[in-house]
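Coordinate inspection notes
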Number of protein chains: 2
Amino acid sequence: MRHVAELTERGRRTRQRIVEETGRQILAAGIGGTTLDDVRAATLTSKSQLFHYFPGGKTELVRAVAEWEGGQLLAAQEPHVHDLSTRASWEAWRAALVDYYIGQGRWACPIGSLATEAAARDPGLAATVAGAFTAWADLLAAGVVRMQQAGELDASVDPRRIAASVLSAIQGGLVLSQPLRDPWPLEAALDQALHALDAPARG
Amino acid sequence: MRHVAELTERGRRTRQRIVEETGRQILAAGIGGTTLDDVRAATLTSKSQLFHYFPGGKTELVRAVAEWEGGQLLAAQEPHVHDLSTRASWEAWRAALVDYYIGQGRWACPIGSLATEAAARDPGLAATVAGAFTAWADLLAAGVVRMQQAGELDASVDPRRIAASVLSAIQGGLVLSQPLRDPWPLEAALDQALHALDAPARG
DNA sequence: TAGGAACTGGACCGTGCAGTCCAACGCAGA
DNA sequence: TCTGCGTTGGACTGCACGGTCCAGTTCCTA
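Below: a short report on this structure. Remember, it's a predicted structure, so these values are computed and weren't measured experimentally.

1. Considering the packing of aromatic side chains
In this structure the tally under the stated criterion is four aromatic pairs over all chains. A ring pair is formed by A:Trp90 and A:Trp93, whose centres lie 5.5 Å apart and whose planes are at 80°; its orientation type is edge-to-face. Of this pair, A:Trp90 and A:Trp93 are both found in helix H5 (residues 87–103), three residues apart, which corresponds to roughly one turn of the helix. Pair check on accessibility: A:Trp90 and A:Trp93 agree, each one buried. With a centroid separation of 5.2 Å and 65° between ring planes, the pair formed by B:Tyr100 and B:Tyr101 is classed as edge-to-face.

2. Quick notes on the pattern of salt bridges
Scanning the entire structure with this criterion turns up 24 salt bridges over all chains. Put simply, A:Arg94 and A:Glu187 hold a salt bridge, and the shortest N to O gap is 3.4 Å. Here A:Arg94, found in helix H5, pairs with A:Glu187, found in helix H9 (residues 184–194); they are 93 residues apart in sequence, far enough to count as distant. The shortest N-O distance in the salt bridge between B:Asp37 and B:Arg40 comes to 3.3 Å. Residue B:Asp37 and its partner B:Arg40 are located together in helix H2 (residues 36–43), separated by three residues, close to a single helical turn. Among the charged side chains, a network of salt bridges with common partners joins A:Arg94, A:Glu187, A:Asp191 and B:Arg161.

The rules behind each value
Residues numbered from 1 in each chain as written. Chains lettered and ligands numbered in written order. Predicted model: local features only at pLDDT ≥ 70, side-chain atom pairs only at ≥ 80, totals over all residues. Heavy atoms only, no water. Phe/Tyr/Trp six-rings, centres within 6.5 Å; stacked < 30°, edge-to-face > 60°. Helix = DSSP H or I, 4+ residues; strand = E, 2+ residues; numbered from the N terminus. Buried < 20%, exposed > 50% of the residue type's maximum accessible area, 1.4 Å probe, protein only. Salt bridge = Lys/Arg side-chain N within 4 Å of Asp/Glu carboxyl O.

Geometric descriptors of this kind do not, in isolation, establish any biological role.
What follows is the structure, encoded as structure tokens:
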């Protein structure tokens, strides 16, 4: 006997298909530019399915997308983002990240692009987005700490500030790169931010 | 005898009122979240006036806003942005900029917030936005050159890359600060980016 | 002071889109 | 095979919003 809102395997797959396709459309056209009819057509589903799996409508769907994309974004940085204990590891991480954005034709951050639109429309979504940023920043800050522990970095630098400035370089670099359709601002900003890791430990 | 599309003083004021109010609404709610009816109500005008001054409709209005905001943004950085020949001048510029964004309750960049939404919806607008970024970056790069000429900065650093990374720090810092409603990521990113100016000239 | 152009008010229209509703299908377990 | 829930299809509704239209007013200029 099943209980409320339980999903079968088929249901889970359909739901997931909707989330991923909506994510693609939002990245390309923004929340406002993404219509449920477009999603319905692209996923070969029907209106009733959309509201069956997301009773809260578009708002709930977008939040599900935010959570999914947040996870994907961190997954794309594995395994480097859990190392980051050497300068070489940071470079490997950097390469994976640039490939995720530019190499795979995203040209924007799935989370970052939600941030601006979310802040105005949906406070709950803004909280989800802020949470994704915090989780990400924590991973980077942990890497900075690891570099300090390994004796490769001056212990006086603040890991949280480094993490925030690296994250800002990514987001801001994408803002500049996107309309120019050229990765160089992203790369310049990222490299500049990573120079903060070049302060050797004081012997 | 007047000619086509000439504006009287009254007309110019009305038009300007529409542009500024639309700018406020776009910053708060995005392009998609801004309706002509809201603008009409807030400016105490009528639909016909909106289309009288902007025959191209919302698209043309938004472009006018982008150009106006671009100018305002640079104006807010005066007179510092035309100096930037000393480290102190950069700090004064930094303070003016943070006040423009945070002190005046914007919490987002009028141009940066357009960038993401524009890239998807309106290629012409994206070009305008890219132009605004370029003009801004040119001013910063000129400042870097002035520091180099004054002998305060190593001549080997690339002014364009510095300018791009500082601009990215601003835009990305705002992306992080906005949902958190806290200026610290913006300030951390900006300060980190400005460290690039701390490379003394090689004697 | 008359003519005309710039300016203004607001009713009206068409459409695109979020969300509703209900009937039908399919796949388990009893 | 029956029963019931999870699942699916798609027509339908309400309305918000961009855009049109035209009549009326203000104000410059000759």
